[in-house]
Amino acid sequence: MTIDPYAADDATWAAAFGDQPAYRVRQIRAWLARGVDDPAAMTDLPVTLRDRLREVLDPPPEVVAETSADHGLTRKVLLRMPRSGEAIEAVLMLYPRDEERERGRATVCVSTQAGCAMGCPFCATGQAGLRGQLSVGEIVRQVTVVQRRLATGEIAVDGAPDHVTNVVFMGMGEPLANADATLDAVRWLADPERGFGLSARSITVSTIGVVPGMRRLAALGLPVRLAVSVHAPDDALRDDLVPLNRSHPLADVLAAADEHRQATGRRVTFEYVLIDGVNDSPAQAARLAGLLTGRGAAHVNLIPMNPTPGVSWTAPPVERQRAFARVLLDAGLPATIRANRGGDIDAACGQLYASYTMESGRILPMAVGAAARVAGADR
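Residues numbered from 1 in each chain as written. Predicted model: local features only at pLDDT ≥ 70, side-chain atom pairs only at ≥ 80, totals over all residues. Heavy atoms only, no water.

### Regarding the overall build of the protein
Now for step 1: When helices and strands are counted, the protein shows 13 helices and 12 strands.
Now for step 2: Residue burial in the protein is summarised as follows: out of 379 residues, 55% are buried.
Now for step 3: Within the protein, contacts between residues separated by at least 24 positions form 66% of all contacts whose residues are at least 6 apart in sequence.
Now for step 4: Summed over its atoms, the accessible surface of the protein is roughly 16,000 Å², and 51% of this surface lies on carbon and sulfur atoms. (Helix = DSSP H or I, 4+ residues; strand = E, 2+ residues; numbered from the N terminus. Buried < 20%, exposed > 50% of the residue type's maximum accessible area, 1.4 Å probe, protein only. Contact = heavy atoms within 4.5 Å. Areas by Shrake-Rupley, 256 points an atom, 1.4 Å probe, with all protein chains shown as cover.)

This is the structure in structure tokens:
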């Protein structure tokens, strides 16, 4: 039987290594926080203890594929997890320091599930269905794999940090549909003594509106940023684009977002994927502005839809994207259009996995019914 070193509490460590001095566990935890999970590399431990660790600790994930884009600023890693054999994605986005940015950033986008059960028809991950929940260690190891490569210089870009500075829970899966593991991973990443020691303000958790999980996140007691995926300005369209809306409608989602802002003091980001002819009209922008204005300087992140295998929907023309943003800005709502990175390496959420599964002969189930209901509708 093995243990997940990133989920292990003091009692678990004591049960496994109670015969060792207490400082040995501190040493092990320090190595793990630096991204080193191979016992052979934990050089300040006795050889006999390293041998025991190799037998006890969960093995690290296997790198199945790795791609690079944007002159090395965007890197995607496809990892196969040893427990389940499932492949999941992590993306590193580097932002070197420049005239506008005093400090560079190294942001890792992590997955929380293998696949996703939410069924959003425009999402590559949603096509795959839910294949399994990730454990705390499987989430955290996406960060530590990247941390190790930055620290050793395996990944190096002028002006960019040599360590992870930000983590966003925006990869494959719905983080708050795997709330226990997600919240424990957030705690570990923010723990300065037994974990990674990342500022909680540098952690963002994204959700399509799992209201109970949003409330649990707000009660965590950490100023973590919340990003809520809205994608529609009304329940009728959102029922089709975000099927969970039938259980957690917009009013409930927005109320939970308000609770998070009040509990943490952090403004909420609202994500909105722009789909040509579906949710991108000026009238829809005006309705969205009516929903979101007055919510504590809320920010809207407009995301032009990425090309997705098997999906005919596309991003609107650039001028239509800008017109949508102008309606929000004129209403006094901060809004930006995201510059998608890594498109040539399938770096958007779920895309490398979707391509990988298609190439391996697995057919991804499509949310055909929702797409058909939306197609041609007068919005």
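### Quick look at the nonpolar core
Now for step 1: W13, F169, V228, L241, F270, V300 and L328 are the most contacted members of the largest nonpolar core, which totals 100 residues.
Now for step 2: The element best represented in this core is helix 6 (residues 179–190), accounting for seven residues.
Now for step 3: Counting five residues, the second-largest nonpolar core is a separate cluster that includes V91, M93, Y95 and C109. (Core = buried A, V, L, I, M, F, W, Y, C linked by side-chain atoms within 4.5 Å.)

### Comments concerning the packing of aromatic side chains
Now for step 1: Going through the model one piece at a time under the given rule, you end up with four aromatic pairs.
Now for step 2: With 5.1 Å between their ring centres and 80 degrees between their planes, Y6 and W188 make a pair best called edge-to-face. In this pair, Y6 is assigned in the segment before helix 1 (10–17) and W188 in helix 6, connecting sequence segments 182 residues apart.
Now for step 3: Given the relative accessible area of 10%, W188 is considered buried. (Phe/Tyr/Trp six-rings, centres within 6.5 Å; stacked < 30°, edge-to-face > 60°.)

### A look at the layout of surface pockets
Rolled over the atoms, a probe with the dimensions of a water molecule shows which regions are left empty.
Now for step 1: Counted as a void, the second largest pocket has a volume near 280 Å³.
Now for step 2: Looking at the second largest pocket, it is lined by 14 residues, and the ones nearest its centre are Y6, A7, A8, D9 and W188.
Now for step 3: When residues of the lining of the second largest pocket are traced back to their parent elements, those giving at least two are helix 1, helix 2 (22–33) and helix 6.
Now for step 4: If one sorts the elements of the lining of the second largest pocket by residue count, helix 6 sits on top with three residues.
Now for step 5: Residues of the lining of the second largest pocket, tallied by class, amount to seven nonpolar, no polar and seven charged. (1 Å grid on protein atoms, 1.4 Å probe; cavity = no way out; pocket = protein on both sides within 12 Å on 5 of 7 lines; lining within 4 Å. Points joined across faces, edges and corners; volume = space filled by probe spheres on them. Nonpolar A, V, L, I, M, F, W, Y, C, P; charged D, E, K, R; others polar.)

### Some details on the environment of L244
Now for step 1: One can find L244 in the loop between helix 8 (235–241) and helix 9 (250–264).
Now for step 2: For L244, a relative accessible area of 17% puts it in the buried group.
Now for step 3: A sequence separation of 34 residues divides L244 from V210, and the C-alpha atoms of the two residues are 7.9 Å apart.
Now for step 4: Other than its neighbours up to four places away in sequence, L244 contacts M118, I208, G209 and V210.

### As for empty space enclosed by the protein
Now for step 1: Taken as a whole and assessed by the stated rule, the structure comprises two cavities of 30 Å³ or more.
Now for step 2: The calculated volume of the largest cavity comes to roughly 70 Å³.
Now for step 3: Considering the residues around the largest cavity, the lining is formed by D4, D58, P59, P61, M81, P82, R83, S135, G137, E138 and R141.
Now for step 4: Taken together, the residues of the lining of the largest cavity sort by class into four nonpolar, two polar and five charged.

### Quick notes on the state of the cysteines
Throughout this description, disulfide means a covalent bond between two cysteine sulfur atoms.
Now for step 1: Applying the stated criterion across every chain, the model contains zero disulfides.
Now for step 2: With no disulfide of its own, C116 lies 6.2 Å from the sulfur of C123, the closest cysteine sulfur.
Now for step 3: Using a relative accessible area of 9% as the deciding quantity, one classes C116 as buried. (Disulfide = S-S within 2.5 Å.)

### Observations regarding the sheet that holds strand 7 (residues 166–169)
Now for step 1: If you trace the 10 strands from one edge of the open sheet to the other, you get 1-2-3-4-7-8-9-10-11-12, paired in mixed fashion. Unpaired on one side and paired on the other, strand 1 (62–69) and strand 12 (335–337) mark the two borders of the sheet. In this sheet, adjacent strand axes meet at a mean angle of 20 degrees when their direction is disregarded.
Now for step 2: Sheet contacts for helix 5 (residues 136–151): strand 1, strand 2 (74–80), strand 3 (87–95), strand 4 (105–110) and strand 7; angle to strand 4, the most-contacted strand, approximately 150 degrees. (Pairing = 2+ DSSP bridges. Axes fitted to C-alpha atoms, helices over the stretch in contact; angles between N-to-C directions.)

### Notes on helix 2
Owing to its 3.6 residues per turn, the α-helix aligns residues three or four sequence positions apart on the same side.
Now for step 1: Helix length check: helix 2 (12 residues) gives 17 Å between terminal C-alpha atoms against 16 Å at 1.5 Å per residue, within 8%.
Now for step 2: Three or more residues of helix 2 are buried, namely R24, V25, Q27, I28, R29, W31, L32 and A33. (Expected span 1.5 Å × (residues − 1).)

### Describing the environment of A257
Now for step 1: Tracing the sequence through the fold places A257 in helix 9.
Now for step 2: Through-space distance from the C-alpha of A257 to that of F270 is 9.5 Å; in sequence the pair is 13 residues apart.
Now for step 3: If we skip the residues at most four places from it in the chain, A257 touches M214, L226, V228, V268 and F270.

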